[in-house]
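Coordinates in review
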Amino acid sequence: MKNNYDIASRWETLIFKFSVAVLVLSGLAQMPLFKRYYISEIPGLAWTADFHFNHILHHVAAAVLLFVLFRWSVIYLRTKKHGIRLSISGWIRTGLFATIIITGLLRALKNLPGFYFSPLATTSIIWIHLTASALLGVAAIYAYFAAGKYLTHPNFSK
Amino acid sequence: MKQKKSFSGNISRRGFLGLAAAGLAGAMMPGTAGAARRGEEIATLLDIESCINCGQCVQACREVNGHKYPEPEKPFPEMFPARVKTEDWSEKRDISDRLTPYNWLYIQTSRGHYNGRDFEIHIPRRCLHCQNPPCANLCPWGAAVRETNGIVRINDRICLGGGKCRDVCPWLIPQRQTGVGMYLDLMPRFAGNGVMYKCDRCYDRIALGKIPACIEVCPMQLQTIGPRESILRQARELAQDLDGYIYGDVENGGTNTFYVSPVPFEVLSDNIVKGPGRPHLEYVENTMARSELLTAALITAPLAGAAAGLLSLKAKKKS
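The following refers to the structure shown. As the structure is a prediction and not an experimental result, all values here were calculated from the model.

Considering the overall build of chain B
Counting its regular elements, chain B contains 10 helices and 10 strands. The principal-axis extent of the C-alpha atoms belonging to chain B is close to 85 × 55 × 40 Å. Every one of the 319 residues in chain B was classed for burial, and the buried ones make up 58%. When contacts within chain B are restricted to residue pairs at least 6 apart in sequence, those whose partners lie at least 24 apart make up 69%. A gap of 6 Å separates the mean positions of the 40 positive and 33 negative side-chain charges of chain B.

Here you go:
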């Protein structure tokens, strides 16, 4: 794909964007807002108020995202020597993604029987996850309007 | 069930034994305080046939935990949208026949007929402290947490009162008080609605090596607290002795509260008043059962993605 220097194919980018959209929606649906604001009463959107369903949906979308991100990561690390680099915007967003993934995995582990974190650790993990997600949203919007790309290549620089 | 067993609230043989033991050792198994400090799971056993509905546990809970009760600011912020209802129990603090933010324990009575005999059994009801609690696992704000010693509690300093913990609790235990908590400092009209309250199994007393107030004051010594494995073993022995039944060992994947009764719990459940703040006694599937599968998917996905990346690079090299 021309914008990402052949690291991502078009369908992979679409899957990536779709999984992020589902993660944002199912993440917001973890909060009791969709019922409060009548969204779940819109025909076809009753599921937005189903906490257990959205819990599962969030995990499934996260698994899809992790598959795509790790595929790209391996390709990036192998092709980096050919001059492809993360841009500043790319570094910021990758760092935020990494934070979200690590805290998300810790949260998922916490839900297993036999895995316990202290109350302070539990609350911190969730707040870091929420903060990093909000910051990633801001960074993504900024990158969209500033036409910031994840990757740069000496041969493609202006 | 053996016909010789008493189904009444009269003092039973075990009750007399309990009374005799009262004041000597309380109802704490040896090693409980140390186990709690080490972060081992602590559970309680309730021999409900011994309950005489004296209400001392309810009163003790109120006295010991009164300083944790909400003192809401009024008038409450106007809610948006208007259909969001406030919940105010601050003028009804004396209510003791259901769970409220000011009453974390109440006694439920089941009267009926079973196996050719009438029964009347009193059941102290509160949070069961699930082993894998959906309230703590699904709280989007990190306010509901599970401690390593098995206590599940809600941090009233950060709870926003959205009530998700109540919605996902199989027994709908947590109760909301509007007009208190962090939501007042954020967007009180648009998000949150107070703080959720429930039994915290006297976590502060446990930390000091004491036992929960309800257990300490019970004149019938019907509750016992101790390391989960020991308590579960004791519950099974008692159930066998009674030819009775256990509730809480497998419900919702396992809890840290075991009720033992000579009457099946579905029969008890059919004969109690149920509704808001008045939980049922029916069997509950493990609502977090899919967690292991979902977490396995999260661990497998990046490995599969990395493998796919390597394979595609290899294929590209070949071509």
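Re helix α3 (residues 88–110) of chain A
Taking 1.5 Å as the rise per residue, α3 of chain A with 23 residues should run 33 Å; its terminal C-alpha atoms sit 33 Å apart, in good agreement. Looking at α3 of chain A, one finds that the buried residues are G90, R93, L96, F97, I100, I101, T103, R107, A108 and K110 of chain A. Check the buried side of α3 of chain A and you find it contacts α1 (10–28), α2 (51–79), β1 (85–86) and α4 (119–145) of chain A together with α4 (134–138) and α10 (291–318) of chain B.

Quick notes on empty space enclosed by the protein
Residues and elements named next belong to chain B. Throughout the structure, instances matching the rule amount to 6 cavities of 30 Å³ or more. Volume-wise, the largest cavity comes out at about 110 Å³. As for the largest cavity, its lining consists of 15 residues, and the residues nearest its centre are R126, C199, R201, C202 and C214. At the level of secondary structure, the elements contributing two or more residues to the lining of the largest cavity comprise α3 (56–65) and α7 (213–217). By residue number, the principal contributor to the lining of the largest cavity is α7, which donates 3 residues. Taken together, the residues of the lining of the largest cavity sort by class into 9 nonpolar, 3 polar and 3 charged.

A short note on the interface of chain A and chain B
Counting residues at the interface gives 41 residues for chain A, matched by 49 residues for chain B. Both sides of the chain A and chain B interface together cover about 4000 Å² of buried area, and 67% of this is carbon and sulfur. Of all residues in chain A, the largest losses of buried area upon contact with chain B belong to R36, H52 and Y116 of chain A, amounting jointly to 17% of the total for that side. Taken together, chain A and chain B are joined by 1 salt bridge. Counting across the interface, chain A meets chain B through 20 residue pairs in polar contact (both at pLDDT 80 or more). Those elements giving two or more residues to the side of chain A that touches chain B turn out to be α2, α3 and α4 of chain A. Residue contributions to the side of chain A that touches chain B peak at 15 residues, all from α2 of chain A. Each residue belonging to the side of chain A that touches chain B can be placed in one class, and the counts come to 25 nonpolar, 8 polar and 8 charged.

Examining the pairing of strand β10 (residues 257–261) of chain B
Residue and element names in this part refer to chain B. Summarising burial for β10: 5 of the 5 residues are buried, a large majority. Residue alternation in β10 divides its side chains into two sets, T257, Y259 and S261 and F258 and V260, and both sets are buried. Bridge analysis of strand β1 (residues 42–47) against β10 gives 4 bridges, and the strand direction is parallel. Bridging from a neighbouring strand, L46 pairs with Y259 of β10. Here 3 bridges tie strand β9 (residues 245–247) to β10, and the two strands are oriented antiparallel to one another. When the sheet's bridge partners are listed, I246 is paired in β10 with V260.

Considerations on the packing of α2 of chain A against α3 of chain A
Residues and elements named next belong to chain A. Where α2 contacts α3, the two axes come as close as 12 Å, and the packing angle between them is 135°. In terms of their interaxial angle, α2 and α3 are classed as oblique. Considering only the axes of α2 and α3, their crossing is left-handed. Contacts from H59, L65, L66 and L69 of α2 reach α3 at F97, I101 and A108. Grouping the constituent residues of the contact of α2 with α3 by class yields 6 nonpolar, 1 polar and no charged.

Points about the sheet that holds β9 of chain B
The strands that make up a sheet pair up through hydrogen bonds in the backbone, lying either parallel or antiparallel. Residue and element names in this part refer to chain B. On the basis of which strands lie adjacent, the open sheet formed by 4 strands has the order β8-β1-β10-β9 and mixed pairing. Both edges of this open sheet fall to β8 (223–227) and β9, since each of them pairs with a single strand only. The average undirected angle you get between the axes of adjacent strands in this sheet is 25°. Running at roughly 20° to β1, helix α8 (residues 228–242) makes contact with β1, β8, β9 and β10 of the sheet.

Side note on the packing of aromatic side chains
What the rule picks out here adds up to 12 aromatic pairs over all chains. Look at Y144 of chain A and F145 of chain A: their rings are 5.2 Å apart centre to centre, the planes differ by 85°, and that puts the pair in the edge-to-face class. As far as burial versus exposure is concerned, Y144 of chain A and F145 of chain A are alike and both exposed. Plain terms: the ring middles of Y247 of chain B and F265 of chain B are 5.2 Å apart, the flat faces sit at 35° to each other, and that makes the pair tilted. A residue pair is termed long-range when its members are at least 10 positions apart, and Y247 of chain B in strand β9 and F265 of chain B in helix α9 (residues 265–270) qualify at 18 residues. On the basis of relative accessible area, F265 of chain B is assigned to the buried category, the value being 4%. Members of the aromatic cluster, each reached through a chain of ring pairs, are Y69, Y102, W104 and Y197 of chain B. In this structure, R83 of chain B is placed above the aromatic ring of Y38 of chain A, and the distance from its NZ or CZ to the ring centre is 3.7 Å. Residue placement shows K92 of chain B over the ring face of W89 of chain B; its charged tip is 4.5 Å from the ring centre.

Here's the deal with a nonpolar patch on the surface
Residue and element names in this part refer to chain A. Judged by side-chain polarity, W11, I15, V60 and V64 come together as a nonpolar surface patch covering roughly 340 Å² of accessible area. Of all the secondary structure elements, the ones that give two or more residues to the nonpolar patch are α1 and α2. Mapped onto the secondary structure, W11 falls in helix α1.

Analysis parameters
- Residues numbered from 1 in each chain as written.
- Chains lettered and ligands numbered in written order.
- Predicted model: local features only at pLDDT ≥ 70, side-chain atom pairs only at ≥ 80, totals over all residues.
- Heavy atoms only, no water.
- Helix = DSSP H or I, 4+ residues; strand = E, 2+ residues; numbered from the N terminus.
- Buried < 20%, exposed > 50% of the residue type's maximum accessible area, 1.4 Å probe, protein only.
- Contact = heavy atoms within 4.5 Å.
- Lys, Arg positive; Asp, Glu negative; His and termini not counted.
- Charge placed at Lys NZ, Arg CZ, Asp CG, Glu CD.
- Expected span 1.5 Å × (residues − 1).
- 1 Å grid on protein atoms, 1.4 Å probe; cavity = no way out; pocket = protein on both sides within 12 Å on 5 of 7 lines; lining within 4 Å.
- Points joined across faces, edges and corners; volume = space filled by probe spheres on them.
- Nonpolar A, V, L, I, M, F, W, Y, C, P; charged D, E, K, R; others polar.
- Buried area = accessible area lost by both parts, 1.4 Å probe.
- Salt bridge = Lys/Arg side-chain N within 4 Å of Asp/Glu carboxyl O.
- Polar contact = N/O pair within 3.5 Å; in protein donor to acceptor, adjacent residues only side chain to side chain.
- Pairing = 2+ DSSP bridges.
- Axes fitted to C-alpha atoms, helices over the stretch in contact; angles between N-to-C directions.
- Parallel < 35°, antiparallel > 145°, perpendicular 65-115°, else oblique.
- Left-handed = near helix turned anticlockwise from the far one by under 90°.
- Phe/Tyr/Trp six-rings, centres within 6.5 Å; stacked < 30°, edge-to-face > 60°.
- Lys NZ or Arg CZ within 6 Å of the ring centre and 35° of its normal.
- Patch = residues over 30% accessible without salt bridge, like charges linked within 9 Å, V, L, I, M, F, W, Y side chains within 5 Å.
- Areas by Shrake-Rupley, 256 points an atom, 1.4 Å probe, with all protein chains shown as cover.

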